Amino acid sequence: RDSKLCIKDLHFDEVPVRIYLPRVPSASKRRGVIFFHGGCGIFGSIRGYERICRYIARKSDSVVVSVGYHLCPEHKFPAQTLECLAAAEHFLKTAENFGVDPDRIIVVGDSAGGTFTATVCQELVNRQDIPKIRAQVLICPFLQALNFNLPSHQKNAFTPFLTRDRAVYFLLKYLRKDCSMKEAVLAGSHIPESVILKYTKWVSPDLIPERFKLGYKPPLPAVFLPQVHEKTKELLSTKLSPLLAEDAVVCRLPDTCIITCEHDVLRDDGLLYKKRLEDNGVKVTWCHVEEGFH
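Residues numbered from 1 in each chain as written. Predicted model: local features only at pLDDT ≥ 70, side-chain atom pairs only at ≥ 80, totals over all residues. Heavy atoms only, no water.

> What's the story with helix H2 (residues 79–94) in this structure? I'm lost.
End to end, H2 covers 22 Å across 16 residues, agreeing with the expected 22 Å (1.5 Å per residue, within 8%). In terms of burial, H2 is a largely internal element, 13 of the 16 residues being buried. (Helix = DSSP H or I, 4+ residues; strand = E, 2+ residues; numbered from the N terminus. Expected span 1.5 Å × (residues − 1). Buried < 20%, exposed > 50% of the residue type's maximum accessible area, 1.4 Å probe, protein only.)

Listed below in structure tokens is the structure:
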């Protein structure tokens, strides 16, 4: 119960959602917020993000839709991304039924929810049959599985609660892969040289601002292991690594807010995506939390 909000559990195209509607009538249509929770696609829930979604709805006087996508391992990748996409499409089409202006809907996600946010926005750029997403907000997002040896990976390798080791372990668990490949992926042995050369223009420590590279030591070149590459090809999918999307997609993305934290192993994913978006003419607002953790 909430004195200021009407809270309903619904299904959008068979995807569970919880919707938070301000009780006070509005003279005009409200803004809408689609929220994707984090948890590596393995854990997390609508209930776990209840307080955050209530806070957003109250403070911004917006209608918030929290998406309860089904989790791995019962639901195999990319089911989570597809369910987030389906829920977003449904809300964009039916926003006016909830008193929401369809041209003022943003998508928000933290950690893996940031991955889903980035991917959903990329998937929708070419859609002409539904309203456009107004903006995306990426909070400490995971955006690429190409390089786990960026400055933030080194600096925060053992920083709680998401260590570098855990990040790759959870990633492999999410994909239902053999976790014995973790060390090879950490080293970069899952990527052939041709792919590294292709994506260096987007994923490289050289693209990270100097003030974030204090103490960074470039790793030794990894030995490519074809058998690991064959078993982990999904790591290069834009549904998992949206940072690898082509410029033709990135240049059409909505206004973006990226929040990074200094003590976060994923910090540089956000920094690299910020640069890519800006290089492609997308308006970016960046907030960096110096004392923040993942």
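There is more to say, and it comes next.
> Would you take a moment to explain the environment of Glu 234 for this structure?
Turning to its location among the elements, Glu 234 is positioned in the loop between helix H8 (226–231) and helix H9 (247–250). Residues Glu 234 and Arg 252 lie 18 residues apart in sequence; the distance between their C-alpha atoms is 24 Å. In contact with Glu 234, not counting residues within four places along its chain, are Phe 77, Leu 175, Lys 177 and Leu 240. (Contact = heavy atoms within 4.5 Å.)

> Help me understand the pattern of salt bridges, please; the structure alone is not making it clear to me.
Two side chains with opposite charge may pair up if their charged atoms get near one another. One pass over the full model with this rule turns up 23 salt bridges. Its salt-bridge partner being Arg 54, residue Glu 50 comes within 2.7 Å of it at the nearest N-O pair. One end of the pair, Glu 50, and the other, Arg 54, are both in helix H1 (residues 50–60), four residues apart, so they sit about a helical turn from each other. A single network of salt bridges, built from pairs that share partners, joins Asp 2, Asp 9, Arg 18, Glu 50, Arg 54 and Arg 58. (Salt bridge = Lys/Arg side-chain N within 4 Å of Asp/Glu carboxyl O.)

> Explain the packing of aromatic side chains here, please?
Each aromatic ring pair is specified by the distance between its two centres and by the angle formed by the two planes. Overall, the coordinates contain 10 aromatic pairs when judged by the stated rule. Ring centres of Phe 43 and Phe 170 lie 5.7 Å apart, and the angle between their planes is 75°; this geometry places the pair in the edge-to-face category. Here Phe 170 lies in helix H5 (residues 164–174) and Phe 43 lies in the loop between strand S3 (30–36) and H1, a separation of 127 residues in the sequence. Given a relative accessible area of 37%, Phe 43 falls into the partly exposed group. Plain terms: the ring middles of Tyr 199 and Trp 202 are 5.8 Å apart, the flat faces sit at 40° to each other, and that makes the pair tilted. The residues Tyr 199 and Trp 202 share a single accessibility class, namely buried. Above the face of the Trp 202 ring, Arg 276 is positioned so that its terminal group lies 3.7 Å from the ring centre. (Phe/Tyr/Trp six-rings, centres within 6.5 Å; stacked < 30°, edge-to-face > 60°. Lys NZ or Arg CZ within 6 Å of the ring centre and 35° of its normal.)

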